[in-house]
Amino acid sequence: MGHAHVYAHEIMHRGRVPMEPADFVPDWADRPRKAKFHPDAETLPLPVTPPPTTPQHPAPGFTLPLLSGMLRDSYGLTGRRLAVQANTDLAALPHYTHANWSRGTASGGGLYPVAVHWAAGPGGPLTPGLYHYAPHQHGLRRLLTGDVTGDVREALGPGAGEAGRAAQYLVLGVKYWQNAFKYNSFSFHAVSMDVGALVQTWRLWAAQYGLRIDPVLWFDEERLARLLGVAPEEEGVFAVVPLAWEGGPTPGEGGATGAAARHRDVERSRRVLEFETLRRVHRATEGRAADRPEPGALDAAAAHPPRGAQALPLPPPPAPPAATGRALRERRSSFGRFDASRPVAAEQLAAALADCAATRYGTEAERPDGPCLTSLYAFVNHVEGVAPGAYAYDPAAHTLRPVKAGPPGRFLQRTYFLSNYNLEQAGAVLVPTVRTTAVLDRVGDRGYRLVGGTVGAVAQTFYTTAAAFGLGAGVALGFDNIAYMEELGLTGTDEAPLLIMLLGHERPRPADFRHEIA
């Protein structure tokens, strides 16, 4: 049993046994920047004209406007959030230096620690090289000139399939300190979800144009860290995403160069702390291309069939009234604004459940037609035509199976650790579970990043669907995981509830800041 098993156990029990360091207090005055900073690097602005949202035909591949639109709608700054709400940082937000900028992708604590790099090869619109996406400027910082796609292909190894023959790659790194300054040992769990949420945003966005996003998780991580110019113990490389480029060469022909980024990130914090638990789980989950699992390896870790009897049919999910791009730009967390006086329609709950159940991370360890890794449960408070209680969702039959009858509001609030939500006011609280230990047993410790990414992808789908239907949404990790296992009858199983997702109407006419006319 590897260290990832130990870490997974600590995460599940942290509501009852605090993780070390238990007495940690963030130093907010010495917090890191909200994005990496390369002061001497040239920044190339990206196009800001949005691409068409309803193309006549599937796009033959990415173009610079398409890539720019995808980056902007996922990690770019799309507006300023300054509504009256119940989160603990509200008092600081009116000050510009503490402003909260909305993004299409969700992130734990709003910290956004994922660094997006583009290894641009021949056949693209830019001089081949290594670029870093600067979200605050919506531009590309040139870190190195020269074709380094051969280095990426070498890191992916011979078993990467089509991914090993691309000429354009997005490489996703995580700067741990950008999250760990607040969440310490818990941060690895959170950033794994952050990567999955970002990849899922890209999958949803690219699907509008008939394009695929298929992340690769197994590769020589240390080699890519050298290419990015980062210390492996300070920044993890979590995913490589090959891009099919319009008119570009299909097979990559350049060889490895052994190059490394000339420009390095400059840290703002005067004091950077290390956390032993974070260091251990990073080392345990470092990737090697030779350890890539065979297709179908995760079949034995698939979600269990839904439990319960007396299935309650759900109405067919309606088509979303808003397109994906608009939903991403309108996505936000509801932070205490739920209004129980307006119940959620059964059709809206059905859409959220169906979309979340259909979500896949899409990695090389999963077969396209393989079984799902996640199960979905729903605590229903206020949904038209659905009695309050806890249910298991059956995606094949599109039904809810009762697990426990009765209003769940008291349980939901008692087992939530923060004060920014009243869970009883939400129409429903959805809970995805993954058989974490089964995944680790099948694909090794690297699978912990897959588990987190899978649940993060589900959370991003949930947010996007809620926004498309004009509903409020919130995702939280501060709850008693073991209590949820007990309440849902999962004790003795390997199903792990890893986050909770709140869905409901918000109070009408909220006070907000009109950033678009400011």
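Structure shown above.
Here, residues in each chain are numbered from 1, in the same order as that chain's written sequence. Two thresholds apply to this predicted model, a pLDDT of at least 70 for residue-level local features and 80 or more for giving and counting side-chain atom pairs, whereas whole-chain, interface and lining totals are computed over all residues. Hydrogens and waters are ignored; side-chain quantities use all the structure's heavy atoms.

## Here's the deal with helix α11 (residues 436-443)
Each residue is assigned to one of three classes by its accessible area relative to the maximum for its type, calculated with a 1.4 Å probe on protein chains only: buried under 20%, partly exposed between the two thresholds, exposed over 50%. Put simply, DSSP H or I for four residues or longer makes a helix, DSSP E for two residues or longer makes a strand, and each gets a number counted from the N terminus. Among all positions in α11, only Thr436, Ala438, Val439, Leu440 and Val443 are buried. Contact criterion: two residues are considered in contact whenever any of their non-hydrogen atoms come within 4.5 Å of each other. Buried residues in α11 make contact with α1 (3-13), β13 (428-434), α12 (447-468) and β15 (496-497). Just beyond α11, the residue with positive phi is glycine 444, at close to 90°.

## With respect to the layout of surface pockets
Once rolled over the atoms, a probe with the size of a water molecule shows which space is left empty. Only protein atoms enter the 1 Å grid, on which a cavity is a set of points fitting a 1.4 Å probe that cannot get out and a pocket is an open set with protein on both sides within 12 Å along at least 5 of 7 lines, lining residues being those with an atom within 4 Å of a point. Grid points are joined across faces, edges and corners, and a volume is the space filled by probe spheres set on the points. Space inside the second largest pocket adds up to approximately 880 Å³. For this classification, the nonpolar set comprises Ala, Val, Leu, Ile, Met, Phe, Trp, Tyr, Cys and Pro, the charged set comprises Asp, Glu, Lys and Arg, and every other residue, Gly included, is treated as polar. Here the residues of the lining of the second largest pocket sort into 21 nonpolar, eight polar and eleven charged.

## A few points about the side chain of threonine 415
Relative to the assigned elements, threonine 415 resides in the loop between α10 (409-414) and β13. Using a relative accessible area of 4% as the deciding quantity, one classes threonine 415 as buried. Apart from residues lying up to four places away in sequence, threonine 415 is in contact with Gly478, Phe479, Asp480, Ala483 and Tyr484.

## Here's the deal with the environment of tryptophan 28
Tracing the backbone shows tryptophan 28 in the loop between α1 and β1 (43-45). Once residues within four sequence positions are removed from consideration, tryptophan 28 is found in contact with Phe181 and Lys182.

## Comments concerning the environment of alanine 387
The residue alanine 387 is located in the loop between β10 (374-380) and β11 (389-394) in this model. For alanine 387, a relative accessible area of 46% corresponds to the partly exposed category. Separated by 15 residues in sequence, alanine 387 and proline 402 have C-alpha atoms that sit 9.7 Å apart.

## Observations concerning the pattern of salt bridges
By convention in these notes, a salt bridge is any Lys or Arg side-chain nitrogen within 4 Å of a carboxyl oxygen on Asp or Glu. Under the criterion given, the structure shown has 27 salt bridges. Between aspartate 30 and arginine 270 there is a salt bridge, and its shortest N-O distance comes to 3.8 Å. Pair noted here: aspartate 30 is in the loop between α1 and β1 and arginine 270 is in the loop between β8 (235-242) and α7 (276-285), with a separation of 240 residues, a long-range link. Note on aspartate 30: relative accessible area 4%, which makes it buried.

That's the geometry; what it means functionally is another story.
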